[in-house]
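Descriptive structure summary
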Amino acid sequence: MHKIPIDLMDGPQFALRGRIVTMNKTRDVIDDGVMYVDKGRIAAIAPHGAAAPEGFKDVAIINTRSTIYPGLIELHNHLSYNILKLWNVPATYTNRNQWAGIKEYRRLISGPMNVLGRTPGCVEAVVRFVECKCLMAGVTTSQGIALFSNSGIQKYYRGVVRNVENTDDADLPESLDKISDVEAHSAAKFFERLKRQSCLLLHLCEGTDENAHKHFTDLQLKNGHWAITDALAGIHCVALNEEDYKIMKQARASVVWSPLSNLLLYGKTADVKAAVKNDITIGLGSDWSPSGSKNLFGECKVARLVSREMGIFDNDSDILALATIEAAKILKWDHELGSIEAGKRADCMLMTGVTGDPYQQFLTRSEAAISLVIINGIPRYGYASLMKKFEKEKEDITVGKRKYQLFLQQSSADAAVGALGLQAAVDKLTDSLERLPELAKELDNRGFNPISTGIANTKPQWFLVLDHDDEAEGERLRMQGEESLDTSAMLAPAEPLSAIVEKMDLDAITVAADRSFLSSLQSQRNLPAYVKKGLAQMYR
């Protein structure tokens, strides 16, 4: 069956004036330029005052008074959890298996998400909220949200923020992601799968101890070769050393860096300096809100602080590259995205102001400075004064004291979310988190399995796949008939959720609208002082 691309090339024709940060090979900056867009693509970029390209003679130029950057591309996020506030990490861990099993984690993270992820009416609110959380920080591409239904079918959510795992577009080859570790006995099978992929995002060596590092050595095959190709993008890589990076270099593999989450959980992050020394392509990911940045825009700030402390990158433009053109290279999408060039798709974020160093401006301002976000040539979010230039039915919202508009309609919209607006999602989640113990009791009474409770015999119902939670993953496997000895621990009885969860507050959608985020970082035991101080200054 012929697949129809999720992002149809049918956007409006328009022209935007502003300072243009191209992120092309020579990283050209046009101080006063015009970007011409038609049917989802950048038709041309030119200095203001130059002749308009063919077909744009009668198109009015919109003066944005902003700097135009490529849209941000996120390669590591567990979006389903991003309604949760930052967790005050209680210890310094040495591998991810330590914190994922503690009681506090289930009480504050996995428990609440198990309740909301299986409560009808909450799932679509979670999906809409976390998608807008990306959008309002200039993120135009991220990892998708996985859903499963009461019929046992699993799919990736199709939204306005592009999903690397689900495009249905040959020009944007789909990625796979793998969170569980590759064990030595399955390395050969993993290698065969990897050879069929253009990009596979693998959680690799998350932690600082030998248990974490062993997951790299387990990739060595019995013949001495490595189950590594140029499709492998290792997420985290905290335990990798320079010798490991030399092996990665030979295979032209890449790395996805998540510095804030690494520092919060382990007090250490990947040796990115060694990765740069070995010419490894590097992308960036915020991980998730419980132990990471609120969004990729914020993670860029952390990357800059760590880079300056460790002497990693020479220029601020190198930091922006991690979230734009370098990320596109990892996905094998750089012919379509990652820079502002004629012929590429029009994914852009704009920040008000056209003076001063454009890279410093990007890294030292809050989300309140983001004036417009465009995905596939369609303006999706921005200041009301700019969004009103485009004749679409939009949702009015207020962030802080500023008026914004959202345009979330999409011809290929996922029926699981439909026409739900952001404010309706916020209201639903605020109420549900306030009633979390009550909802947990209802869930305990009917059990986790929507098939066995009769929901399957009614209308289609979608549930969140919680990719960081063994309890939820085990239930999904049981529904799909995939239970094995490997999943038995996941299916063990646990204390009822109603006995452990408590009322909670919804996370603020941006740092600019959050009075507690920066102060909560100050109490984090594993976060270096230079990051605490630096972030407080950068957001001001």
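Residues numbered from 1 in each chain as written. Predicted model: local features only at pLDDT ≥ 70, side-chain atom pairs only at ≥ 80, totals over all residues. Heavy atoms only, no water.

1. Digging into helix α2 (residues 103–116)
For α2, spanning 14 residues, the distance from its first C-alpha to its last is 19 Å, which sits close to the expected 20 Å at 1.5 Å a residue. Of all bends in α2, the biggest is about 40°, found at Ser-110, and the proline Pro-112 comes one to four residues later. Burial in α2 covers these residues: Tyr-105, Arg-106, Leu-108, Ile-109, Ser-110, Gly-111, Pro-112, Met-113, Asn-114, Val-115 and Leu-116. (Helix = DSSP H or I, 4+ residues; strand = E, 2+ residues; numbered from the N terminus. Expected span 1.5 Å × (residues − 1). Bend = angle between axes of the 7 residues up to and from the residue. Buried < 20%, exposed > 50% of the residue type's maximum accessible area, 1.4 Å probe, protein only.)

2. Topic: the pairing of strand β18 (residues 395–399)
Note on strand geometry: in a regular strand, side chains alternate between the two faces of the sheet. Across the two faces of β18 the burial differs, with Glu-395, Ile-397 and Val-399 buried and Asp-396 and Thr-398 not buried at all. Bridge count for β18 against strand β19 (residues 402–406) is 5 bridges, and the pairing is antiparallel. Along β19, the bridge assignment pairs Glu-395 with Leu-406. Counted between consecutive antiparallel strands, the loop separating β18 from β19 contains 2 residues, among which Gly-400 sits at a positive phi close to 70°. (Pairing = 2+ DSSP bridges.)

3. Quick look at the packing of aromatic side chains
Scanning all chains against the criterion turns up 13 aromatic pairs. Ring geometry for Tyr-36 and Phe-56: centres 5.1 Å apart, planes at 70°, overall edge-to-face. Here the residue Tyr-36 occupies a position in strand β2 (residues 29–38), and Phe-56 occupies one in the loop between β3 (41–47) and β4 (61–70), the gap between them amounting to 20 residues. The burial state of Tyr-36 is the same as that of Phe-56; both residues are buried. Aromatic side chains Tyr-69 and Phe-362 sit 5.4 Å apart centroid to centroid with 50° between the ring planes, which places their arrangement in the tilted category. Of this pair, Tyr-69 sits in strand β4 while Phe-362 is found in helix α12 (residues 358–363), placing the two residues 293 residues apart along the sequence. For Tyr-69, a relative accessible area of 0% corresponds to the buried category. Using a relative accessible area of 1% as the deciding quantity, one classes Phe-362 as buried. Taken together through their ring pairs, the aromatic side chains of Tyr-81, Trp-87, Trp-99, Tyr-105 and Trp-288 make up a single cluster. In this structure, Lys-155 packs its charged tip against the face of Trp-462, placed 4.1 Å from the ring centre. Taking the ring centre of Tyr-539 as reference, the NZ or CZ of Lys-301 above it sits at 5.0 Å. (Phe/Tyr/Trp six-rings, centres within 6.5 Å; stacked < 30°, edge-to-face > 60°. Lys NZ or Arg CZ within 6 Å of the ring centre and 35° of its normal.)

4. With respect to the sheet that holds strand β20 (residues 462–464)
Here 3 strands make up an open sheet; going across it, the order is β8-β7-β20 and the pairing antiparallel. Every other strand in the sheet has two partners, leaving β8 (154–156) and β20 as the edge strands with one partner each. The sheet shows a mean angle of 35° between the axes of neighbouring strands, direction not considered. (Axes fitted to C-alpha atoms, helices over the stretch in contact; angles between N-to-C directions.)

5. Considerations on the pattern of salt bridges
Applying the stated criterion to the full structure yields 28 salt bridges. The partner of Glu-502 in a salt bridge is Arg-107, and the shortest N-O contact between them spans 3.1 Å. Taken together, the residues Glu-502 in the loop between α16 (470–479) and α17 (517–522) and Arg-107 in helix α2 connect sequence positions 395 residues apart. Judged by its relative accessible area of 35%, Glu-502 is partly exposed. On the basis of relative accessible area, Arg-107 is assigned to the partly exposed category, the value being 27%. The residue Asp-507 makes a salt bridge to Lys-294 at a minimum N-O spacing of 2.9 Å. Residue Asp-507 is located in the loop between α16 and α17, and its partner Lys-294 is located in the loop between β14 (281–284) and α9 (296–310); the two are separated by 213 residues in the primary sequence. Taking the relative accessible area as the measure of exposure, Asp-507 reaches 5% and is therefore buried. For Lys-294, a relative accessible area of 5% puts it in the buried group. Each of Arg-41, Asp-169, Glu-336 and Arg-345 takes part in salt bridges that share partners, so that together they form one network. (Salt bridge = Lys/Arg side-chain N within 4 Å of Asp/Glu carboxyl O.)

6. What to know about the packing of α9 against helix α18 (residues 529–539)
Two numbers describe how α9 lies on α18: the axes approach to 10 Å, and their chain directions differ by 130°. Viewed along their axes, α9 and α18 adopt a mutual orientation that is oblique. Crossing angle aside, the handedness with which α9 passes α18 is right-handed. Residues Gly-298, Lys-301, Val-302, Arg-304, Leu-305, Val-306, Glu-309 and Met-310 of α9 pack against Tyr-530, Val-531, Gly-534, Leu-535, Met-538 and Tyr-539 of α18. (Parallel < 35°, antiparallel > 145°, perpendicular 65-115°, else oblique. Left-handed = near helix turned anticlockwise from the far one by under 90°. Contact = heavy atoms within 4.5 Å.)

7. Re the state of the cysteines
Applying the stated criterion to the full structure yields 0 disulfides. Between Cys-300, a cysteine without a disulfide, and Cys-134, which holds the nearest cysteine sulfur, the sulfur-to-sulfur distance is 13 Å. Judged by relative accessible area, which is 0%, Cys-300 ranks as buried. (Disulfide = S-S within 2.5 Å.)

8. Some points on the environment of Tyr-383
Of note, Tyr-383 is situated in strand β17 (residues 378–383). Distance in space between the C-alpha atoms of Tyr-383 and Asp-396 is 9.9 Å, their sequence separation being 13 residues.

9. Section: the nonpolar core
Of all hydrophobic cores here, the largest spans 136 residues; its most connected members are Ile-83, Phe-216, Ile-228, Trp-257 and Phe-362. Those residues in contact with Phe-362, other than ones at most four positions away along the chain, are Tyr-69, Leu-72, Phe-297, Cys-300, Lys-301, Leu-320, Met-349 and Met-351. Counting 19 residues, the second-largest nonpolar core is a separate cluster that includes Phe-14, Leu-16, Leu-350 and Met-387. (Core = buried A, V, L, I, M, F, W, Y, C linked by side-chain atoms within 4.5 Å.)

10. Details of the pairing of β3
As paired strands, β2 and β3 are joined by 6 bridges and run antiparallel to one another. Residue Gly-33 lies in a different strand from β3, and its bridge partner there is Pro-47. The turn joining β2 and β3, which pair antiparallel and follow one another in sequence, is formed by 2 residues; a positive phi near 50° is taken by Lys-39.

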